[in-house]
Amino acid sequence: MKLTSEEQAWLAGDGGPGLRKAMEIITALGQIYGAADTVAVGSVQIAGVSYKNLGDAGLEFLAEWAGQGARVRVPAYLNPAGMDLQDWQRLGIAPEFAQRQTAVIEALTAFGALPACSCTPYLIAPRPLFGESLAWSESSAVSYANSVLGARTNREGGPSALAAALTGRTARYGLHLDEHRRADVVVEVRCPVASEADFGALGYLVGRQVGQGVPCFRGLMLQPFDRKVPPDVDTRLRALGAAMGAAGAVALYHIEGVTPEAQGGNVLRKDARRITIDSLADGYAALNTTPLADIDLVSIGCPHASAEEIQDIAALLRGRGLKARLWVTTSRSVKTQAPQAVADIEAAGGVVIADTCLVVARVEDLGIRRLATNSAKAAFYAPSHAGLEVRFGTLGQCLTAAVTGRWPGVVD
Ligand code: F3S
């Protein structure tokens, strides 16, 4: 692997032990994946922020590395943490957990990382440019950056993303290279796909079949952006990418005529195989894990909700009260962009939670058994990560469940 003289000096320890560790991680990955050299990155997104997933060993690793004095060279955004960093007490988070989660954030910000605590950094920071190299971690963010924006990033682990932040570089392999960005599966969609839940169910079905592949959708109709008919196109694409990243390991997809790399020339590999989706029913069946109607918690905002989604939720709830708990999860930055909508949701009895989400927060202690969500990704992870039964459907169904305490249309 060819290194610049500066990178060789860092590897020899000239920049201190923290920078040497970062270069060791980058060169080790480069050698494993056969990288010819490194590439400069415009920004980094660091996963592995929740203490729930890191534990004490992860916290100690970060604190020791942070103590070695290295600092980030490019904007580095943190993924969601295990709690709302300001309002954790209102959510019933234990003080011991809060203290350790705070220590994780302190270790990461000591490097100079930005506590955005979001999986949607593209909603709160300058959007990456077409062709720009990145080192992002969280699967839905990686999918969005590669597919919708046409930027280039592998799915980094927490340490490798941090190493990229400290050096401003990553090993050039995988999705940084043209040959790995071509689709190896054509997905013929022959059924209506309209709501964000439909896009999530489609993503679940395709992710399961495609695994780590690069799918190219054919026949997927996206109505023009129209704020009168939520959800908007962007929300649907985020739902699709998040579900494929969860049910499979899809980090890049194309939609013919829509996504930037599939608007002109051919993005298919010669040996691309074909799959057909005739119905979303199997996706809905797999993601609905209970036939029962009573709902304890409705969770919206996976990936983190945009200001437009928060405004849609507020409009649908205005003047109504809630019988089930409602969480809308988003970044702190987006939360401050929609103060009236946040106030309306909270007046109805919901909470708009920043910095965290259902999957990475510690919800096991909150007495919640049954979840309703419009996110296929949240529905996929909630049983294994939080021990919850799930109802999965549209935003309208979820908000009806929040108002009545029951999933609509079920008699039991
Ligand atoms: Fe984001 Fe949490 Fe979902 S990190 S994509 S809101 S699981």
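Residues numbered from 1 in each chain as written. Predicted model: local features only at pLDDT ≥ 70, side-chain atom pairs only at ≥ 80, totals over all residues. Heavy atoms only, no water.

Looking at the nonpolar core
Counting residues in each nonpolar core, the largest one holds 110 residues, and the members touching the most others are Val 44, Leu 202, Phe 217, Leu 220, Leu 240, Tyr 253 and Trp 327. With eight residues, helix α7 (residues 196-210) is the largest single contributor of residues to this core. Among all residues touching Phe 217, those that are not within four sequence positions of it are Val 187, Val 189, Leu 202, Val 206, Leu 240, Met 244, Tyr 253, His 254, Ile 255 and Glu 256. Core analysis: the next-biggest nonpolar cluster, separate from the first, contains 30 residues, Ile 300, Ala 307, Leu 317 and Trp 407 among them. (Core = buried A, V, L, I, M, F, W, Y, C linked by side-chain atoms within 4.5 Å. Buried < 20%, exposed > 50% of the residue type's maximum accessible area, 1.4 Å probe, protein only. Helix = DSSP H or I, 4+ residues; strand = E, 2+ residues; numbered from the N terminus. Contact = heavy atoms within 4.5 Å.)

With respect to the pairing of strand β6 (residues 215-218)
In this sheet, β6 lies alongside strand β5 (residues 183-189) in parallel orientation, the contact comprising four bridges. Counted as the bridge partner of Val 185 is Pro 215 from β6. For the segment spanning β5, α7 and β6, crossover handedness is right-handed. Here β6 runs beside strand β7 (residues 254-255); their pairing, made up of two bridges, is parallel. (Pairing = 2+ DSSP bridges. Right-handed = clockwise from strand over helix to strand, strands pointing away.)

Considering the pattern of salt bridges
Taken as a whole and judged by the stated rule, the model has 21 salt bridges. Residues Arg 152 and Asp 178 are paired through a salt bridge, measuring 2.8 Å at the closest nitrogen-oxygen approach. Taken together, the positions of Arg 152 in the loop between α5 (139-148) and α6 (158-167) and Asp 178 in the loop between β4 (169-171) and β5 put the pair 26 residues apart, joining distant regions of the chain. Several salt bridges share partner residues, and in doing so they unite Glu 188, Arg 218, Glu 256 and Arg 274 into one network. (Salt bridge = Lys/Arg side-chain N within 4 Å of Asp/Glu carboxyl O.)

Considerations on the environment of Lys 21
Structurally, Lys 21 is set in helix α2 (residues 17-33). When the C-alpha atoms of Lys 21 and Pro 159 are compared, they prove to be 9.9 Å apart, with 138 residues separating the residues in sequence. Those residues in contact with Lys 21 that sit more than four places away from it in its chain are Phe 61, Trp 65 and Gln 68.

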